[in-house]
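The lines below spell out each chain.
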Amino acid sequence: MTIDKTHIDALIKIAGDKGYTIDPKSIKPHTEEPRGKFFGKTLLVLYPDSTEMVSDLVKYCYQHNIKIVPQGGITGLVGGTIPDQSGNEVVISLKRMNKVREKDLLNNTMTLESGVILSDAHDIAASMNAIMPMHIASEGSAMIGGNISSNAGGINVLRYGNMREFVLGLEVVLPNGDIWNGLTGLRKDNTGYDLKQLFIGAEGTLGIITAATLKIYPDHKQKNTSFVAIPDPDAAVTLLSLAREVSGDSLIAFEILPRIGLDFTIEHMSGCREPLEAKYDWYMIMECATSLSSDLLDLETVMERILETAMEQGLVLDGVVPKNEKEARELWNLREFMSEAQKFEGGSIKHDVAVPVSKIPEFLEKGTELVKAEIPGIRPVPFGHIGDGNIHFNLSQPTDMEKSEYLAKWEDINHKVHELVVSLGGSISAEHGIGTLKADELAHFKPDVDLNTMKSIKDALDPKNIMNPGRILKV
């Protein structure tokens, strides 16, 4: 229904003087995603500062059938946090809910509100002589609630898992405004359905996450990074197996980079330089870390053994081991700036997909052949988390094609790539979620029994369909 002035005034009264904006300039950042693909409209953005206020706002919206878009750091890439074009959806931003509820060092947990920025969560864990090892490119603005709602991944999934693995408990405002207090630091609780799992990765369609109890881990006493050139993706998969065998569970990151991606990054991003004297087609960044001190485990020796064995087997052609943290950071920048660097090369059609690790070389070969046949001159830039099968199969436009003409092919190319991914036993979304971008694709590729079960859950928790409607499910 239309949000008329009566409803806007009522919601403003609940939110209080600091809890809203109706100013178009202030609203604008809440209606655009960073990639520039999704733009929406809203007349009102609400900034609650407590769970009780979120509850009161949601209760009013539920009573009057007003649609809600929950929002965190607005770093998503699938349209899930952007209001639609109707102007009839209200945005509830969690940015003011940024308090630390509890730090429990003996239980290895911290309880944070949803608006805590991920990089601040790292600092909070560090204050407890611990780590929260979720690292993503947008960690300086992404918020904990959004990370949980999208089940974020990142470079350390190989060792620590997706965001789901960090969550022990949640506090959630349900679509009718009820507050479900599932905050707990328990590792074992076998008392029926694990309700928190419903909200992790649900992209705000089943409720608004207001706080979370998260695991923390022992601080890394040693960390060792290497940047190597490899012959091809087949060698990368074999190298992964070797690195795991030699390092045990100390391998935390394993990322693949193509030469074209390095070229873009070095050309366009400040401070990035050629890592090796010669140029190669493919590269890997490997990182091992441990909470053991060097007198118990010499991690430098572990990395040396991996590289020596890999070179003997022809899996590594060249490489460099940084001497200090600054050099390691410079090498990681080549990976982390790769997506941003593509913006300078015109339009980029993105894919966030996963296949079994053993299928990565086949996917890269067939995927590259497929898109080059569809669009001659297209420039594939596949990179990412090869250690867990997640490839960002990004495709830069041909140099002789207009950007608008190229981007008009986005949905068609996405669909063809997704068909290949599914045929290899993969997923059309590895860590970015579904949002509105992939809702039609989910409806196409997901089995009916899966979709019907998801719809049943949605109907049970949100019978009026007010909570982020049209995201994930086309309802």
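Our subject is the structure listed above.
Because the structure is predicted, anything quoted here is derived from the model rather than measured.

A. Broad picture of the nonpolar core. Membership of the largest hydrophobic core comes to 55 residues, with the highest contact counts inside it found for M110, M132, I144, I148, L170 and L214. If near-sequence neighbours (up to four positions away) are discounted, I148 is found in contact with M163, V167, L170, F199, I200, G201, I209, A212 and L214. Listed in part, the 51 residues of the second largest apolar core include A310, F363, I375 and L437.

B. Summary view of the layout of surface pockets. In this structure, the second largest pocket spans a volume of roughly 780 Å³. Lining the second largest pocket are 32 residues, with G201, I434, K446, M454 and I472 positioned closest to its centre. When residues of the lining of the second largest pocket are assigned to their parent elements, the largest contribution, three residues, is made by helix 17 (residues 448-461).

C. Local environment of the packing of helix 8 (residues 233-247) against helix 13 (residues 360-374). Axis separation between helix 8 and helix 13 bottoms out at 8 Å; the angle between their running directions is 165°. Between helix 8 and helix 13, the angle is such that the two are roughly antiparallel. Classified by chirality, the crossing of helix 13 by helix 8 is right-handed. On helix 13, the residues touching P233, D234 and V237 of helix 8 are I360, P361 and L364. Grouping the amino acids of the contact of helix 8 with helix 13 by side-chain chemistry returns five nonpolar, no polar and one charged.

D. The arrangement of the sheet that holds strand 1 (residues 20-21) in detail. Spatially, 1-2-4-3 is the arrangement adopted by the four strands of the open sheet, whose pairing is mixed. Because the sheet does not close on itself, it has two edges, and the strands there are strand 1 and strand 3 (67-71). Pairing analysis gives two bridges linking strand 1 to strand 2 (residues 45-46), with the strands arranged antiparallel. When the bridges of strand 2 are listed, T21 appears paired with V45.

E. Examining the packing of aromatic side chains more closely. Taken as a whole, this structure holds six aromatic pairs when the rule is applied. Ring centres 5.4 Å apart and planes at 40° place the aromatic pair F227 and Y283 in the tilted group. Placement of F227 in strand 12 (residues 222-230) and of Y283 in strand 14 (residues 282-290) is noted, with a sequence separation of 56 residues between them. Among the aromatic residues, ring-to-ring pairing joins Y160, F166 and Y217 into one connected group. The lysine or arginine in question, R159, covers the ring of Y160, its NZ or CZ lying 4.7 Å from the ring centre.

F. Up close: the sheet that holds strand 9 (residues 179-182). If you trace the five strands from one edge of the open sheet to the other, you get 5-6-10-8-9, paired in antiparallel fashion. Taken across any chain shown, the strands that pair with only one partner, and hence form the sheet edges, are strand 5 (100-104) and strand 9. On average, each strand axis in the sheet is tilted by 10° relative to the strand beside it, whichever way the strands run. Relative to strand 6 (residues 109-113), strand 5 is paired through four bridges, and the arrangement is antiparallel.

Reading guide: rules and limits
- Residues numbered from 1 in each chain as written.
- Predicted model: local features only at pLDDT ≥ 70, side-chain atom pairs only at ≥ 80, totals over all residues.
- Heavy atoms only, no water.
- Core = buried A, V, L, I, M, F, W, Y, C linked by side-chain atoms within 4.5 Å.
- Buried < 20%, exposed > 50% of the residue type's maximum accessible area, 1.4 Å probe, protein only.
- Contact = heavy atoms within 4.5 Å.
- 1 Å grid on protein atoms, 1.4 Å probe; cavity = no way out; pocket = protein on both sides within 12 Å on 5 of 7 lines; lining within 4 Å.
- Points joined across faces, edges and corners; volume = space filled by probe spheres on them.
- Helix = DSSP H or I, 4+ residues; strand = E, 2+ residues; numbered from the N terminus.
- Axes fitted to C-alpha atoms, helices over the stretch in contact; angles between N-to-C directions.
- Parallel < 35°, antiparallel > 145°, perpendicular 65-115°, else oblique.
- Left-handed = near helix turned anticlockwise from the far one by under 90°.
- Nonpolar A, V, L, I, M, F, W, Y, C, P; charged D, E, K, R; others polar.
- Pairing = 2+ DSSP bridges.
- Phe/Tyr/Trp six-rings, centres within 6.5 Å; stacked < 30°, edge-to-face > 60°.
- Lys NZ or Arg CZ within 6 Å of the ring centre and 35° of its normal.

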